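Descriptive analysis of the structure
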Amino acid sequence: MTDEVRNIVASHGKLPVDVGTLADEADLYAAGLSSFASVQLMLALEEKFDVEFPENLLNRKTFASIAAISAAVSGLVADHQAA
């Protein structure tokens, strides 16, 4: 999951740094993630994993790091599969 999220961040996050050099816990906003890019990232994640981010996850904390995004997507995928 983390590798897939990292690839999506690399292709949709529009970061000025190589995502491969960032730790999973690195602050993506400090690395250059913009609010607009986070929306693009969310849409790409929804499409890739066939999930929808609920309103309570549409915040800076959810997209703060690759680890945070992976945790959120893992939870959404688990909920989707349980439904």
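Structure shown above.
Notes on the structure in this doc start here. (Residues numbered from 1 in each chain as written. Predicted model: local features only at pLDDT ≥ 70, side-chain atom pairs only at ≥ 80, totals over all residues. Heavy atoms only, no water.)

Scanning the protein from terminus to terminus reveals 3 helices and 0 strands. Counting from the amino terminus, helix and strand elements in the protein follow one another as α-α-α. Relative to a compact globule of 83 residues, whose C-alpha radius of gyration would be 12 Å, the protein shows 12 Å and is just as compact. Taken over the C-alpha atoms alone, the protein extends approximately 40 × 20 × 20 Å along its principal axes. Within the protein, the fraction of its 83 residues that count as buried is 40%. Excluding contacts between residues fewer than 6 apart, the proportion of contacts in the protein whose partners are at least 24 apart in sequence is 56%. Charged side chains of the protein number 5 positive and 12 negative; the gap between the two group centres comes to 6 Å. (Helix = DSSP H or I, 4+ residues; strand = E, 2+ residues; numbered from the N terminus. Rg over C-alpha atoms; globule rule 2.2 N^0.38 Å. Buried < 20%, exposed > 50% of the residue type's maximum accessible area, 1.4 Å probe, protein only. Contact = heavy atoms within 4.5 Å. Lys, Arg positive; Asp, Glu negative; His and termini not counted. Charge placed at Lys NZ, Arg CZ, Asp CG, Glu CD.)

Let's shift gears to the packing of helix α1 (residues 2–12) against helix α2 (residues 35–49). At a minimum axis distance of 9 Å, the contact between α1 and α2 shows a crossing angle of 135°. Judged by the inter-axis angle, α1 sits oblique to α2. As α1 packs across α2, the resulting crossing turns out to be right-handed. Counting all contacts with α1, which are made through E4, V5, I8, V9 and H12, the residues of α2 involved are A37, Q40, L41, A44, L45, K48 and F49. (Axes fitted to C-alpha atoms, helices over the stretch in contact; angles between N-to-C directions. Parallel < 35°, antiparallel > 145°, perpendicular 65-115°, else oblique. Left-handed = near helix turned anticlockwise from the far one by under 90°.)

Scanning all chains against the criterion turns up 1 aromatic pair. Relative to F63, the ring of F53 lies with its centre 5.3 Å away and its plane at 40°, an arrangement referred to as tilted. With F53 in the loop between α2 and α3 (66–82) and F63 in the loop between α2 and α3, this residue pair connects regions lying 10 residues apart in the sequence. (Phe/Tyr/Trp six-rings, centres within 6.5 Å; stacked < 30°, edge-to-face > 60°.)

A word on the nonpolar core. Membership of the largest hydrophobic core comes to 26 residues, with the highest contact counts inside it found for V9, L28, L45, F49, F53, F63 and I69. Looking at this core, the elements that each hand over two or more residues are α1, α2 and α3. Dropping the residues within four chain positions of it, I69 is found in contact with V5, V9, L28, L41, L45, T62 and F63. (Core = buried A, V, L, I, M, F, W, Y, C linked by side-chain atoms within 4.5 Å.)

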